[in-house]
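The residues making up each chain are set out below.
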Amino acid sequence: MDESSVHNPLLWGQGSGYANVRRKTPLSVTLAKWILKIAMLALFISWIALMFLFPADFVQKLFEKWIHATNGTVFGITGSLFLLFSGPILLIAVLSIAYLVISGEEELHEKKPSKYPSFRLWTFPVLVDGPFGVVSAAELIGILLFVVFVIWAVYAYTMSILSLMSDQLTFKEKSCLFLEILGLRFGLIGMFCLAFLFLPVARGSILLRFIDIPFEHATRYHVWLGHLTMLLFTIHGLLYVVAWTIEGRLLHEILEWRDIGVAILPGVISLSAGLLMWVTSLPPVRKLNFELFFYTHQLYVIFIVFLALHVGDFIFTMAAGGIFIFILDRFLRFCQSRRVVDIISAKCLPCGAVELVLAKPENLRYNALSFVFLQVRELSWLQWHPFSVSSSPLDGKYHISVLIKVLGKWTEKLRGIILENSEKELPFSPHSKITASVEGPYGHEIPYHLMYENLILVAGGIGISPFLAVLSDILHCVREGRPCLLRNILIVWAVKRSNELSLLSTIDMDSICPSFSSKLNLETCIYVTRESEPPLEDGKVQNTQDFSLCPTSKSCGMSVLVGTGHTIWSGLYVISSMVGFVISMGLLDIFYINPFHISSWWYKGLLFVVCMITSVVIFGGLVVGLWHLWERRILAKEQFEDDRLNIDKAEHIETVAREDSHLAKLTGIRYGARPDFKEIFETVSQNWGHVDAGIIVCGPPTLQSSVAKEIRSHNLRRQSDHPIFHFNSHSFDL
């Protein structure tokens with residue numbers, strides 16, 4: 001790596017470089033984007049401020065005036081609270097649709113290399129050890145805000161309750177009254193946290209696409225919010241239990257189901273379902289028995305429905321916005337997962353990993369760092385497992401690949417089926433065919449690995465899988481002249497045994513871009529930690545066991561309904577469902593609730609949830625049906641014919657069947673050693689100079705912590721002419 005290669009961009013102004021594909025964004029588009037950003041930011045800050053300041057006395061007075069002023073409307077108090085607490089997040093979702101539609105792929109073309117490297121809150125690791133894992137500065141700020149909110153709300157409500165205590169009451173009466181009112185307030189705080197709980201697990205939601213947070217990152221936030229929400233709801237229930245026990249009416253209260261007011265029994269059922277989900281999601285239980293965690297987590301349906309029965313419609317509206325967005329995503333995922341996807345080929349590598357090549361339509365959009373959820377119906381009709389995509393979207397128009405490490409019973413059975421079929425002379429027999437369904441892909445809206453000029457990829461074991469897709473994506477961009485800032489890439493890969501090197505056989509860089517070495521500085525460091533010397537067959541990839549299936553009829557690919565799908569259709573689906581919900585609630589109030597004087601909280605809460613679901617299924621389902629017809633029409637125009645598809649399959653199978661990997665030849669392999677990240681980063685600092693360097697880590701938590709700790713240490717003590725390292729994680733853990 002010479003000095004000139006570091007200071008002179010390799011991909012700019014070379015006929016196929018970044019500068020040639022960049023185009024100027026119209027002023028009207030830029031202005032519209034800024035207006036939308038400011039509007040969404042103002043809405044979000046106002047929404048957060050409302051919930052944060054809600055315990056304050058002056059906000060309570062303003063809230064009472066708002067309720068009094070809007071009580072006479074068609075929707076009543078329910079509509080007022082829905083507009084106040086759920087309206088902002090739904091309006092932000094609508095504005096996000098508009099933003100994504102007018103942006104298109106402009107963000108990628110507008111990205112310029114930074115002349116002055118700087119720290120970024122979302123890529124600077126602050127906490128590297130502890131219960132939260134690796135936490136960036138931005139994530140720490142978010143955690144602290146939630147902690148401060150809970151402490152402030154408990155303090156404000158406690159002071160307010162104490163001021164209401166009358167001296168005429170006995171100590172026992174004061175204690176019970178204090179516990180009940182405080183329990184009520186803890187439930188209210190929990191509802192505010194619940195407003196955020198379902199937003200991160202709406203896998204393909206328009207909100208996650210707008211803020212460009214991939215699902216594997218958002219899942220961490222759902223876990224953190226889940227712990228906080230269930231802690232608050234548990235305290236809420238325990239305070240009531242203690243008060244009722246002191247008063248001697250515990251059993252009577254728990255079994256009570258009032259016509260007017262809070263129905264307690266549904267609350268007990270909802271809390272019980274929540275506690276089951278909470279306990280089985282704890283790391284010791286989840287890692288020992290993933291199936292138990294997966295199945296009990298489906299109790300979220302019981303949790304939501306009985307929560308609505310417990311608190312009634314108008315209190316439920318405080319968290320309804322996030323739940324509605326989750327229902328939108330869940331129905332879309334359900335529609336996508338009904339399709340059976342053809343498996344083009346399946347392969348068992350010597351290290352025990354499995355590679356599946358799945359059929360997809362040409363218009364399916366995804367980025368290299370994406371995940372898919374896979375179901376194999378011959379193994380389980382209920383289980384869905386997430387896997388990293390190991391192929392670039394530029395590798396082929398009609399296929400997508402995943403690498404699967406054999407860890408549990410599900411993956412062992414999958415490998416057994418593949419081995420069984422590979423031993424047969426004929427392709428799949430009817431009784432042994434694998435039937436797959438796919439959800440996704442989910443990932444970044446913009447391929448952020450192409451936004452860095454200098455990139456370090458750190459992988460552990462099967463963690464190399466997404467980086468094979470990244471590397472292939474970069475090479476395609478170099479060859480085709482697509483937008484790409486990259487000039488330096490360092491791959492650090494740690495494996496336990498040398499047979500895992502067979503994973504490299506799934507990519508052949510020379511066939512993708514024969515002249516890449518003259519345009520891109522690529523270095524690799526491979527560490528085999530549990531072998532002190534290379535085996536006799538080192539340098540050769542062992543034979544693999546595989547079989548392929550090339551259907552004689554038109555191949556069935558994945559649906560484009562989820563993930564980074566068509567923005568206009570996604571927007572129509574969201575907007576139609578929202579309009580349908582408003583219409584459903586209006587008709588229900590005008591023709592049923594108001595004329596018949598329906599006043600039971602629990603019953604109105606049930607009707608509210610039913611309207612949410614039916615509006616998505618009926619109004620949103622109509623758009624999904626039209627979307628599906630449009631998709632079929634596009635596929636017909638593209639002439640998705642068998643002969644063309646088989647060429648794509650054959651090219652892929654021919655590529656991945658090579659015995660030698662050019663990537664493995666780029667460097668020496670170190671045996672019996674582990675990566676010394678301090679030494680690696682010091683060497684990089686001396687060679688790369690004062691630049692922004694992106695680091696993406698895919699591997700176990702210990703690997704992430706080691707890299708994050710070294711990045712934090714380097715960034716805090718760095719010299720002025722050294723790089724600023726930016727930490728990015730790409731590890732998925734349900």
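- The name an unreviewed UniProt entry gives the protein is ferric-chelate reductase (NADH), with Prunus dulcis as the organism.
- Taken from UniProt, the Subcellular location (unreviewed entry) comment for the protein reads in full: "Membrane".
- Per UniProt, the protein has the following entry under Sequence similarities (unreviewed entry): "Belongs to the ferric reductase (FRE) family."

### Section: the sheet that holds strand β14 (residues 692-698)
Okay, so step 1: With respect to topology, 6 strands assemble into an open sheet ordered β13-β11-β10-β9-β14-β15, the strand pairing being parallel. If you trace the sheet from one side to the other, it starts and ends with β13 (669-671) and β15 (724-729), each paired once. The sheet shows a mean angle of 15° between the axes of neighbouring strands, direction not considered.

### Topic: the packing of helix α3 (residues 27-53) against helix α8 (residues 171-197)
Okay, so step 1: Orientation of α3 relative to α8, taken along the N-to-C sense of each, is 155°, at an axis distance of 10 Å. With respect to each other, α3 and α8 are oriented roughly antiparallel. Handedness of the α3/α8 crossing: left-handed. Together, W47, I48 and M51 of α3 and F192, A195 and F196 of α8 make up the contact between the two elements.
Okay, so step 2: Across the contact of α3 with α8, the residue classes break down as 6 nonpolar, no polar and no charged.

### Side note on the packing of aromatic side chains
Okay, so step 1: Across all of its chains, the model carries 37 aromatic pairs by this definition.
Okay, so step 2: Aromatic rings pair up to connect F52, F54, F63, F85, F149 and F192 into one cluster.
Okay, so step 3: One Lys or Arg, R203, reaches over the ring of F373 and ends 3.7 Å from the middle of that ring.

### Regarding the sheet that holds strand β5 (residues 370-376)
Okay, so step 1: In space, the 3 strands of this open sheet follow the order β6-β5-β8, with antiparallel pairing throughout. In this open sheet, the two strands that pair with only one neighbour each are β6 (385-388) and β8 (436-443). On average, each strand axis in the sheet is inclined to that of its neighbour by 30°, with strand direction left out of account.
Okay, so step 2: Pairing of β5 with β6, which is carried by 4 bridges, proceeds in the antiparallel orientation. Within the sheet, the bridge partner assigned to F373 lies in β6 and is P386.

### Here we look at the pairing of β15
Okay, so step 1: Here β15 lies mainly inside the structure; 6 of its 6 residues are buried.
Okay, so step 2: Both faces of β15 are covered, namely the face carrying I724, H726 and N728 and the face carrying F725, F727 and S729.
Okay, so step 3: The pairing of β14 with β15 spans 6 bridges and is parallel. Following the sheet pairing, I696 is matched in β15 by N728.
Okay, so step 4: On the question of chirality, the crossover connecting β14 to the parallel β15 by way of helix α25 (residues 701-717) is right-handed.

Conventions and cut-offs
Residues numbered from 1 in each chain as written. Predicted model: local features only at pLDDT ≥ 70, side-chain atom pairs only at ≥ 80, totals over all residues. Heavy atoms only, no water. UniProt positions renumbered as here; feature names shortened; annotations may be inferred. Pairing = 2+ DSSP bridges. Helix = DSSP H or I, 4+ residues; strand = E, 2+ residues; numbered from the N terminus. Axes fitted to C-alpha atoms, helices over the stretch in contact; angles between N-to-C directions. Parallel < 35°, antiparallel > 145°, perpendicular 65-115°, else oblique. Left-handed = near helix turned anticlockwise from the far one by under 90°. Contact = heavy atoms within 4.5 Å. Nonpolar A, V, L, I, M, F, W, Y, C, P; charged D, E, K, R; others polar. Phe/Tyr/Trp six-rings, centres within 6.5 Å; stacked < 30°, edge-to-face > 60°. Lys NZ or Arg CZ within 6 Å of the ring centre and 35° of its normal. Buried < 20%, exposed > 50% of the residue type's maximum accessible area, 1.4 Å probe, protein only. Right-handed = clockwise from strand over helix to strand, strands pointing away.

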